[in-house]
Amino acid sequence: MHERIRAGDPEAFRELFRDHAQLIYRHAVRTTGDWAAAEDIVSLTFLEAWRLRAKLRDEGDSPRPWLMGIAVNVLRNTGRAARRHERALTRLPLRDVLPDFADELVGRITDSEELAAAKAAMEQLRRSEREVFALCVWSGLGYAEAAEALGVPVGTVRSRLSRARSRLRKLTDGELRRRRKKMERVVAGGQVQSDRIDAVRSEEERHR
């Protein structure tokens, strides 16, 4: 598989996409909090993988850490990567154009309140903690895979993840409480306004 990817075998890239697109999509959704942006991240990640295919090494049984490392870098540099790949696409021959990744994507995160709270909490972590947490917890990579994706020692992954778990639990709970209290105030305010309107209508009808 690694040899086929390095050789630019289109079928190997289709297999790579089928096996890992959902993983990258979920990672991007949870990191950005934006479904449309996540689809762009998936496309850019696979385009970058195509560009960097010759650098894939034979270490490990799966190209997943390599691919997730690319996704992390794309998320860091989305704007710059988008401009570079737009230029790259104009240079690719038609027969080498990859399939439309967005057409094959399925599934959505439905609990927008929890997603928004988690994203707000994640933004309060250090970037190094965010990346480790997203790779290990949300995307299910092992310590060694995350270390390879980020280019750091396994021990560093463990310590960053431990700090991130502890801080994120407190931050997310606090963010959810804050958001729910705000929503309760909005609902309560709406109810008061509704009661006033109903009372005025009842008074008008009584005097007709």
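Note that this is a predicted model, so its numbers are computed, not measured.

Engineer: For the overall build of the protein chain, give the residues involved together with the corresponding values.
Structural biologist: Assigned secondary structure in the protein chain consists of nine helices and zero strands. From first element to last, N terminus to C terminus, the protein chain shows the α and β order α-α-α-α-α-α-α-α-α. Per-residue burial for the protein chain yields a buried fraction of 36% across its 208 residues. When contacts within the protein chain are restricted to residue pairs at least 6 apart in sequence, those whose partners lie at least 24 apart make up 73%. With an accessible surface of roughly 12,500 Å², the protein chain has 49% of that area assigned to carbon and sulfur atoms.

Engineer: Summarise the packing of helix α4 (residues 64-76) against helix α7 (residues 127-138); cite the residues concerned and give the values.
Structural biologist: Relative orientation of the contacting elements α4 and α7 amounts to 140°, with a least axis distance of 12 Å. It follows that α4 is oblique to α7 by the angle criterion. Relative to α7, the crossing made by α4 is right-handed. The segment α4 lies against α7, with M68, V72 and R76 engaging R127, E131 and L135. Per-class residue counts for the contact of α4 with α7 are three nonpolar, no polar and three charged.

Engineer: Break down the pattern of salt bridges for me, citing the residues and quoting the values.
Structural biologist: According to the stated counting rule, one finds 12 salt bridges in the structure shown. A salt bridge links R163 to E129; the shortest N-O distance between them is 3.2 Å. One end of the pair, R163, is in helix α9 (residues 154-206); the other, E129, is in helix α7, with 34 residues separating them in the sequence.

Engineer: Can you tell me about the environment of M68, naming the residues and giving the values?
Structural biologist: Positionally, M68 belongs in helix α4. Counting along the chain gives 73 residues from M68 to L141, while the straight-line C-alpha distance between them is 9.0 Å. Residues within four places of M68 in sequence aside, it is in contact with L23, I24, H27, L135, S139, L141 and A149.

Engineer: Lay out the side chain of H2 with the relevant residues and their values.
Structural biologist: Residue placement: H2 occurs in helix α1 (residues 2-6). With a relative accessible area of 9%, H2 lands in the buried category. For H2, the contacting residues outside a window of four places in its chain are L56, R57, D58, E59, G60, D61, S62 and P63.

Engineer: Residue-level account of the packing of aromatic side chains, with values.
Structural biologist: Considering all chains together, one arrives at three aromatic pairs under this definition. Centre to centre, the rings of F17 and F46 are 5.2 Å apart; their planes meet at 65°, and the pair counts as edge-to-face. Placement of F17 in helix α2 (residues 10-32) and of F46 in helix α3 (residues 35-51) is noted, with a sequence separation of 29 residues between them. As far as the burial class goes, F17 and F46 line up, both buried. Both rings, one in F133 and one in W138, keep their centres 5.7 Å apart while their planes meet at 80°; by these two values the pair is edge-to-face. Classification of F133 by relative accessible area gives buried; the value is 9%. Taking relative accessible area as the criterion, W138 reaches 19% and is therefore assigned buried.

Engineer: Account for the confidence of the model for the protein chain, naming residues and giving values.
Structural biologist: Atom-level detail of predicted coordinates should not be read off regions where pLDDT is low. When pLDDT is averaged along the protein chain, the result is 75, and 71% of the positions lie at 70 or above. Across the protein chain, element-level confidence peaks in α4 with a mean pLDDT of 91 and bottoms out in helix α5 (residues 78-91) with 57. Confidence drops under pLDDT 50 across residues 94-110; counting only partners more than four residues distant or on other chains, this segment forms 26 contacts. Taken as a whole, residues 191-204 scores under 50 in pLDDT and shows zero contacts with residues more than four places along the chain or in a different chain.

Engineer: Which residues make up helix α8 (residues 143-150), and what values do they have?
Structural biologist: Residues of α8 that are buried: A146, A147, A149 and L150. All buried residues of α8 fall inside an arc of 165° around its axis, so they share one side. Of the residues trailing α8, G151 is marked for its positive phi of about 70°.

Reading guide: rules and limits
- Residues numbered from 1 in each chain as written.
- Predicted model: local features only at pLDDT ≥ 70, side-chain atom pairs only at ≥ 80, totals over all residues.
- Heavy atoms only, no water.
- Helix = DSSP H or I, 4+ residues; strand = E, 2+ residues; numbered from the N terminus.
- Buried < 20%, exposed > 50% of the residue type's maximum accessible area, 1.4 Å probe, protein only.
- Contact = heavy atoms within 4.5 Å.
- Areas by Shrake-Rupley, 256 points an atom, 1.4 Å probe, with all protein chains shown as cover.
- Axes fitted to C-alpha atoms, helices over the stretch in contact; angles between N-to-C directions.
- Parallel < 35°, antiparallel > 145°, perpendicular 65-115°, else oblique.
- Left-handed = near helix turned anticlockwise from the far one by under 90°.
- Nonpolar A, V, L, I, M, F, W, Y, C, P; charged D, E, K, R; others polar.
- Salt bridge = Lys/Arg side-chain N within 4 Å of Asp/Glu carboxyl O.
- Phe/Tyr/Trp six-rings, centres within 6.5 Å; stacked < 30°, edge-to-face > 60°.
- pLDDT = per-residue confidence, 0-100.
- Arc of directions from axis to C-beta.

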